[in-house]
Amino acid sequence: MLQSVRKQYEWEKWVFYWLDAITQTSNVTLDIVNNIDQLMARYKKRMKSELPKIYSHELLNNLFRHPYTRIDYVEADLNITRLTATKYLKKLATHGFVEEVKKGRNNYYINRDLVNLFIQISGSNRLYR
């Protein structure tokens, strides 16, 4: 198609090709954002109900900033002690918000629902195939 633009000045097909790609990418992005927003809303409701003493918007954001978190991330994001961050993450793991995984000397807390959302979206969309 690019060769046709150069040789025959067929810009219209080239422009429509890119507009279609932009449209598809935008739709995928909107799906991802909407699904993350819905998942965050469910987590927020559950956290407020099940763990009201530790719930904060900052903690919720930490769980969605990356597909996984660590004690030192929570400690820094919430400006709390390491002991408190550890307690928060252990409670979140106990209630199924995150999955605790030990790799070497480090503990990682994986937001499996968020990871699964990314896998589901990427697996169901033809842009990623």
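Within each chain, residues carry numbers counting from 1 in the order of the written sequence. It should be noted that, the model being predicted, local features are given only for residues of pLDDT at least 70 and side-chain atom pairs only at 80 or more, the latter also being counted only at that level, while totals for whole chains, interfaces and linings use all residues. The basis for every side-chain value is the complete set of non-hydrogen atoms in the structure, without hydrogens or water.

(A) The pattern of salt bridges, seen in detail. By salt bridge we mean one thing: a side-chain nitrogen of Lys or Arg within 4 Å of a carboxyl oxygen of Asp or Glu. A full pass over the atoms with the stated rule returns six salt bridges. Notably, a salt bridge pairs Asp 77 with Arg 65, separated by 2.6 Å at the nearest N-O pair. With Asp 77 in helix 4 (residues 71–78) and Arg 65 in helix 3 (residues 57–65), this residue pair connects regions lying 12 residues apart in the sequence. For every residue, the accessible area (1.4 Å probe, protein chains only) is compared with the maximum for its type, and the residue is labelled buried under 20%, exposed over 50%, or partly exposed between those bounds. In this structure Asp 77 comes out as partly exposed when scored by relative accessible area, which is 35%. The exposure class assigned to Arg 65 is partly exposed, which follows from its relative accessible area of 46%. A salt bridge links Glu 99 to Arg 112; the shortest N-O distance between them is 2.6 Å. Of this pair, Glu 99 sits in strand 2 (residues 99–103) while Arg 112 sits in helix 6 (residues 112–124); the two residues are 13 residues apart in sequence, bridging distant segments of the chain. A relative accessible area of 35% means that Arg 112 is categorised as partly exposed. Helix and strand definitions follow DSSP, with helices as H or I runs of at least four residues and strands as E runs of at least two, each counted in order from the N terminus.

(B) Representation of the sheet that holds strand 3 (residues 106–110) within the structure. Across the sheet, which stays open at both edges, the three strands sit in the order 1-3-2 with antiparallel pairing between neighbours. The open sheet has two edge strands with one neighbour each: strand 1 (68–69) and strand 2. Strand pairing is defined by DSSP finding a minimum of two bridges between the two strands. Here two bridges tie strand 1 to strand 3, and the two strands are oriented antiparallel to one another. Looking at the pairing, Thr 69 lines up with Tyr 109 of strand 3. We call two residues contacting when some pair of their heavy atoms lies within 4.5 Å. Where helices are involved, their axes are fitted lines through C-alpha atoms of the stretch in contact, as for all axes, and angles between N-to-C directions lie from 0 to 180°. The strands touched by helix 5 (residues 82–94) within the sheet are strand 1, strand 2 and strand 3, with strand 3 carrying the most contacts at an inclination of about 50°.

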